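Report on the structure
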Amino acid sequence: MEIPAGELGSRIEEALAAARGGEDVVITEDGIAVARLGGVESAPLMERLAADGVIAVPADERAVPRLPQAEAAKDALSSLLGRLRR
């Protein structure tokens, strides 16, 4: 759909309805395209990026696995703090 810039104000509802319907609305000046009005996808950004293959969604909620070394360090620190409190 093309709308002359001078008519855009009076036809804005028509242009918005077309954009909501997925149609591109081209705004023209003297018959030359100067802008395009299009609909906005409603899916959240992260979902769109994952669908487009730009990002990968983690397999589970916890993205960083617990490492055995980290567990051992936590246990050692807990033991040391326990001894210091006595």
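Thresholds applied
- Residues numbered from 1 in each chain as written.
- Predicted model: local features only at pLDDT ≥ 70, side-chain atom pairs only at ≥ 80, totals over all residues.
- Heavy atoms only, no water.
- Helix = DSSP H or I, 4+ residues; strand = E, 2+ residues; numbered from the N terminus.
- Buried < 20%, exposed > 50% of the residue type's maximum accessible area, 1.4 Å probe, protein only.
- Contact = heavy atoms within 4.5 Å.
- Pairing = 2+ DSSP bridges.
- Axes fitted to C-alpha atoms, helices over the stretch in contact; angles between N-to-C directions.

Named according to an unreviewed UniProt entry, the chain is Antitoxin originating from Demequina lignilytica.

Turning to the overall build of the chain, a few remarks are in order. Each helix and strand in the chain was counted, giving four helices and three strands. Listing every helix and strand of the chain by position from the N terminus yields β-α-α-β-β-α-α. When the 86 residues of the chain are sorted by exposure, 9% land in the buried category. Excluding contacts between residues fewer than 6 apart, the proportion of contacts in the chain whose partners are at least 24 apart in sequence is 16%.

With that settled, consider the sheet that holds strand 1 (residues 2-4). Paired through their backbone hydrogen bonds, the strands of a sheet run either parallel or antiparallel. Taken together, the three strands give an open sheet; going across it, the order is 1-2-3, and neighbouring strands pair in mixed fashion. Each edge of the open sheet is held by one strand with a lone partner, namely strand 1 and strand 3 (32-37). With strand direction ignored, the average angle separating the axes of adjacent strands in the sheet is 35°. Judged from the three bridges that link them, strand 1 and strand 2 (residues 25-29) form a sheet pairing that is parallel. Within the sheet, the bridge partner assigned to proline 4 lies in strand 2 and is threonine 28.

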